[in-house]
Structures are given as structure tokens and as C-alpha cells.
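A look at the structure
Here are the chains, one letter per residue:
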Amino acid sequence: MAKEQTGQDATRLPHDQIEQIQLEGIKKTLVRCYENIPFYKKSFDDAGFDPYSFSDLSELSSAPFVTKQDLRDNYPYGMLAVPMSDVREIHMSSGTTGIATVGAYTNYDLDFWADCFARGIKFAGGGPDDIVQVAYGYGLFTGGLGAHYGAIHSGATVIPTSAGNTERQIRILRDMGSTILCCTPSYAMHIADTALEMGIDPAEEFHLRAGIHGAEPFSDNLRAELERKLNYKVLDIYGLTETGGPGVAVECLEQNGLHLAEDHFFAEIIDPSTGEVLPEGEWGELVITTVDREACPVVRYRTRDITRIIPGDCACGCTHRRIDRLHGRTDDMLIIRGVNVFPSQIEDVMKTFNQVSSWYQIEVDTDERSLDIVTLKAEVNPGFDIDSTGAIERLQRQISARMKTELSVGIKVRLVEPKSIQRSTGKAKRVIDKRRTIK
Ligand code: DLL
């Protein structure tokens, strides 16, 4: 039987047509939120925002924001805009730092979610001839099923390995001829390193054309290393549980920013301290309004993620605007003696030293004067002779000096043996903030 083919290509619509879709969709979304979700009724009324008179996208900036805390306060079903009988599937954020946030989907929501992820597969040149191995975790996390539905939607064959069982994962990659790997970038690195340890050269023995990696920030240098080790193209995919999971934006082969799925998500960049909308090109916090999400629409959701809208058109021909690769979240930003630094920037500088592997953690603590002390703990590569006299100290000093030149921050560097930092099959834990621990 012929595999499913998707219909019209939404990624090539003229931009004024996309804006028309956004206007019509958001008009309905505002009214549906106001009439069906008591939280929005109160917050619009309190802000004096009239959803019925909305007639231009620029007016959205006068609507109030919604935050993760608002979603938590309305746990579990307070943000539903449809009757439960219309809900087909529910996902949740991990909730490790508080009450989980709930994301529900109608049939329509599931369809467009699949389509958004499938855009990434198509950007990678994928389709019915591809085998997509999904090594994101299946379950409440949106990565596994989002990639799964996307692969089916693109017409490809899907192998739902889920995260973990890395040796089996590697055998499947080699034996089944998987051409697209979907997982977090840190897990892709773990797969590559483990394969090499097993005596399998993934660049030679895997058949990958692309990796669709997201759910955590990763530097350009880490991307380059993945591409070298796995002999494929890495495309970055972005999304979050609160807006329906992966597929809000995804890179094309130009690797020059992530195309928003603007027919489903309206993006604004704001100054996180004032809430003011920033002009195109400026870095700030991404705020998302869902255009047509039925079960859990969000109006001006503050993602806390830092990016910018990239001005201009993309050579790939996709007409949807791009966001830049994410540096990190406002919550992850380190302020070291007044200088703002994201962990991925530290990673980028660290990765310019080929003696150092991709496994690192950043420890933040305070000294007796309450000043922040940041230590980069990073593994050396297996070939590096950790015992040779003075070599480690020399390298540590060099890395530290380069951090100072490139990022203007003082970072202590502690190099450790290979495999001494815990591996993760999902999102890697890069920052250990000891300041937040009660001693
Ligand atoms: O991480 C959804 C996802 C799954 C995205 C698979 C991509 C691939 P959450 O667990 O709710 O959802 O976490 C969302 O992860 O606010 C960002 O801070 C971060 N994040 C997601 N994608 C990227 C990315 C999924 N490409 C939070 N680059 C978001 C950097 C990312 N950070």
C-alpha cells in the first residue's frame, strides 16, 4: 500500500496570506479563550482588553501575558477550551520544579502537531523513502510522540525505539538502515560515543542523512562534532509542552535559524524586564500565541526562552520567518560579576579545544563575599593523557583564559577523566546551581 502523502505545502504560502491566517485564527482564539476559560475572562477584563474588537495583529501587544505559573494555578483542567469529550490526548511537562503543566489535544491539534514536526523531516529532504528512528522519550514528554506523529505524517517509516537502551539503539541504527534520528543533541552524542566504544564507526556504518535534535540548547561547535561523528546534517527543532510540543519552529538545511510554523504560532519578542515588544532582529524573550490550537490555546505565553526574529528571507524558499538558535532560558542565564552568560556560550568556547569532550557541567556557587563563582567541569577526550605532568593544569589555564577573552567572564576550569559526568538519554543537566541549595 502506498504510504501517506501530505497535501498542500503550507511552508510556501506568501507572507501576507500567513498574516491573514494568523489574524482570522487569533480573532477566534481570543473569543474562545474569553468565553470558555475563566482565567482569560478575568485577565482580559482586568487589563481592559476587549477580545471582540480585535482587528489587527499589532493590537495583540495590548493583551495581557500568560505565564507558566498561571498554567500551574489552573492545573489540571482549568485551561481547557473544549469539552473533555473532544480531548484525544494529554501530555504534561516533567514538573520536576513544581506542579506539572498540562497540554491537551483535540484531533485537529494532533493533526497540525504532526504536520509541524513533519516539516522538519521534509526540510531534511525526508519522506516516504526514509526510516525515522525516534529516540526521544515516549510518554508524557512531547518529544517521542511528537516525532512519531511527524514521521507518520511525512510518509516515512517510524521505528519507535524511545530513549535509552543505547547499545540496542545503535544496533538498530546500523542494521535497520535508519536515515533520520530524532532525539536530544546530548543523547545523539552519547549514541555516537557509545558506538565508537563498541567498535562501530557511526560515520561509516550508520546510514543517517539527518538528525532532528532539540529540547535543549546546544552550541554550533557541538553540532559540528555531531555532524562529523555521525556523518549527517543536524537540524534544530524547538517547542514546549505549553504550546503543544516540538514543531513550533524547525531548521531547514540552510542551518540559519529555525522557521516558525507561523500558520499555527504567532511569535513576539519582548524585553523580559519591561514586557515591551522589540523590533525584528533584537534579542529578547519569545512570547507565543497559538493561532488555531483548540484544546489548550495560549495567548501571549511567556516562554522564558531567549532568541530573536532573524530579518530577511531564507534561501530555502520557506516563507515563514525564522527565530535564531536559542541561547537558553532567562532562568538559565548566569550573571557572573554582572556579565550575562548562557551555558551554551560557555560550551561553544570549550568546544574550540579538541582535547575536551562534549560532556560538561557548570557549577555555580557563591564565595564568602556572596559573589558568584562559576566552575566548568569538563571531561577530557579519551586520548588525552591526564597523568602527564602539568598538562591538565596548562589546559585548564588556557581554557579559562579563552573564556575571559571571548566572554569577558572569569570561569574556573576543572578537567576530569572521561566518563565521570553522568550521561542522560533525554535533556542533559548542564547547570548545577549550588546557590539554590539550602546548606
Ligand atoms: O522540550 C519539547 C521538545 C521535544 C522540543 C523534542 C524539541 C524536541 P518541554 O519539556 O516542555 O518541551 O521543554 C521546553 O525546552 O522552553 C526550551 O527552554 C527548551 N527547548 C526546547 N527546544 C529547544 C531547542 C520540549 N531547540 C523547553 N533549543 C523550552 C534550546 C530548547 N532549547
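Since the structure is predicted, the reported quantities are computational estimates derived from the model, not experimental observations.

Let us look at the overall build of the chain. Across its full length, the chain holds eleven helices and 21 strands. Rg of the C-alpha trace for the chain: 22 Å, near the compact-globule value of 22 Å for 439 residues, within the 12% margin. Reported as C-alpha extents along the three principal axes, the dimensions of the chain are approximately 75 × 65 × 40 Å. Of the accessible surface of the chain, which amounts to about 18,900 Å², a share of 49% is contributed by carbon and sulfur atoms. Of the charged side chains in the chain, 48 are positive and 64 negative; the average position of the first set lies 5 Å away from that of the second.

The next thing to look at is the packing of aromatic side chains. Within the structure shown, the criterion is met by ten aromatic pairs. Look at Tyr34 and Tyr52: their rings are 5.8 Å apart centre to centre, the planes differ by 85°, and that puts the pair in the edge-to-face class. In this pair, Tyr34 sits in helix H1 (residues 15-36) while Tyr52 sits in the loop between helix H2 (38-47) and helix H3 (68-73), placing the two residues 18 residues apart along the sequence. Taking the relative accessible area as the measure of exposure, Tyr52 reaches 48% and is therefore partly exposed. With 5.1 Å between their ring centres and 75° between their planes, Phe44 and Phe49 make a pair best called edge-to-face. Comparing Phe44 with Phe49, the two get one shared label, buried. Members of the aromatic cluster, connected to one another through ring pairs, are Tyr34, Phe39, Tyr40, Phe44, Phe49 and Tyr52. The cationic tip of Arg293 hangs over the ring face of Tyr105; the distance from NZ or CZ to the ring centre is 5.3 Å.

Further remarks concern the site of the ligand. The ligand sits among 19 residues. The nearest are Asp236, Ile237, Thr241, Asp305 and Lys427. Ala215 has a polar backbone atom sitting 3.1 Å from a nitrogen atom of the ligand. At the level of elements, helix H5 (142-154) and strand S7 (233-240) are the ones that each hand at least two residues to the shell around the ligand. By residue number, the principal contributor to the shell around the ligand is S7, which donates five residues. Looking at the shell around the ligand, its residues break down into nine nonpolar, five polar and five charged.

Moving on to the pairing of strand S2 (residues 102-105). A two-sided burial pattern is seen for S2, the buried positions comprising Val102 and Ala104 on one face and Gly103 and Tyr105 on the other. As paired strands, strand S1 (residues 89-92) and S2 are joined by four bridges and run antiparallel to one another. Residue pairing for S2: Ile90 is matched across the bridge by Ala104.

On to the domain arrangement of the chain, then. Accessible area lost upon the coming together of the parts serves often as the stated size of an interface. Domain annotation for the chain reports domain 1 (1-330) and domain 2 (334-437). Summarising the inter-unit geometry, the C-alpha centres of domain 1 and domain 2 are found 30 Å apart. If you look at the interface, domain 1 gives 25 residues, while domain 2 gives 17 residues. Where domain 1 meets domain 2, there are two salt bridges. Here domain 1 is connected to domain 2 by eleven residue pairs in polar contact (both at pLDDT 80 or more).

Here we take up helix H11 (residues 391-407). Note on helix geometry: an α-helix contains 3.6 residues per turn, so any two residues three or four positions apart are oriented the same way. Here H11 contains 17 residues, and its C-alpha end-to-end distance of 24 Å stays within 8% of the 24 Å for a straight helix at 1.5 Å per residue. Turning to H11, its buried residues number three or more, namely Ala391, Ile392, Leu395, Gln396, Ile399, Met403 and Leu407. Along the long axis of H11, the arc covered by the buried residues comes to 130°, so they all point the same way. Seen from the buried face of H11, the exposed residues on the opposite side, beyond 90 degrees, are Arg397 and Thr405. Each element contacted by the buried residues of H11 is listed here: strand S17 (339-341), helix H10 (343-350), strand S18 (356-366), strand S19 (372-380) and strand S20 (412-416).

Let's shift gears to the pattern of salt bridges. Scanning all chains against the criterion turns up 27 salt bridges. For Glu197, the salt bridge is made with Lys419, and the minimal N-O distance between the two is 2.9 Å. Taken together, the residues span a long stretch of sequence, with Glu197 in helix H7 (residues 185-197) and Lys419 in the loop between S20 and strand S21 (431-433) at a distance of 222 residues. Exposure remark for Lys419: the relative accessible area of 54% places this residue in the exposed category. Arg321 is the partner of Glu262 in a salt bridge, and the nearest nitrogen-oxygen pair spans 2.9 Å. Residue Glu262 is located in the loop between strand S9 (258-260) and strand S10 (265-270), and its partner Arg321 is located in the loop between strand S13 (309-310) and strand S14 (322-323); the two are separated by 59 residues in the primary sequence. With relative accessibility at 22%, the residue Arg321 sits in the partly exposed group. Ionic contacts of the salt-bridge type, sharing partners, join the residues Asp193, Glu225, Lys229 and Lys351 into one network.

Rules and cut-offs
Residues numbered from 1 in each chain as written. Predicted model: local features only at pLDDT ≥ 70, side-chain atom pairs only at ≥ 80, totals over all residues. Heavy atoms only, no water. Helix = DSSP H or I, 4+ residues; strand = E, 2+ residues; numbered from the N terminus. Rg over C-alpha atoms; globule rule 2.2 N^0.38 Å. Areas by Shrake-Rupley, 256 points an atom, 1.4 Å probe, with all protein chains shown as cover. Lys, Arg positive; Asp, Glu negative; His and termini not counted. Charge placed at Lys NZ, Arg CZ, Asp CG, Glu CD. Phe/Tyr/Trp six-rings, centres within 6.5 Å; stacked < 30°, edge-to-face > 60°. Buried < 20%, exposed > 50% of the residue type's maximum accessible area, 1.4 Å probe, protein only. Lys NZ or Arg CZ within 6 Å of the ring centre and 35° of its normal. Near = heavy atom within 4 Å. Polar contact = N/O pair within 3.5 Å; in protein donor to acceptor, adjacent residues only side chain to side chain. Nonpolar A, V, L, I, M, F, W, Y, C, P; charged D, E, K, R; others polar. Pairing = 2+ DSSP bridges. Domains from an automatic or database assignment. Contact = heavy atoms within 4.5 Å. Salt bridge = Lys/Arg side-chain N within 4 Å of Asp/Glu carboxyl O. Expected span 1.5 Å × (residues − 1). Arc of directions from axis to C-beta.

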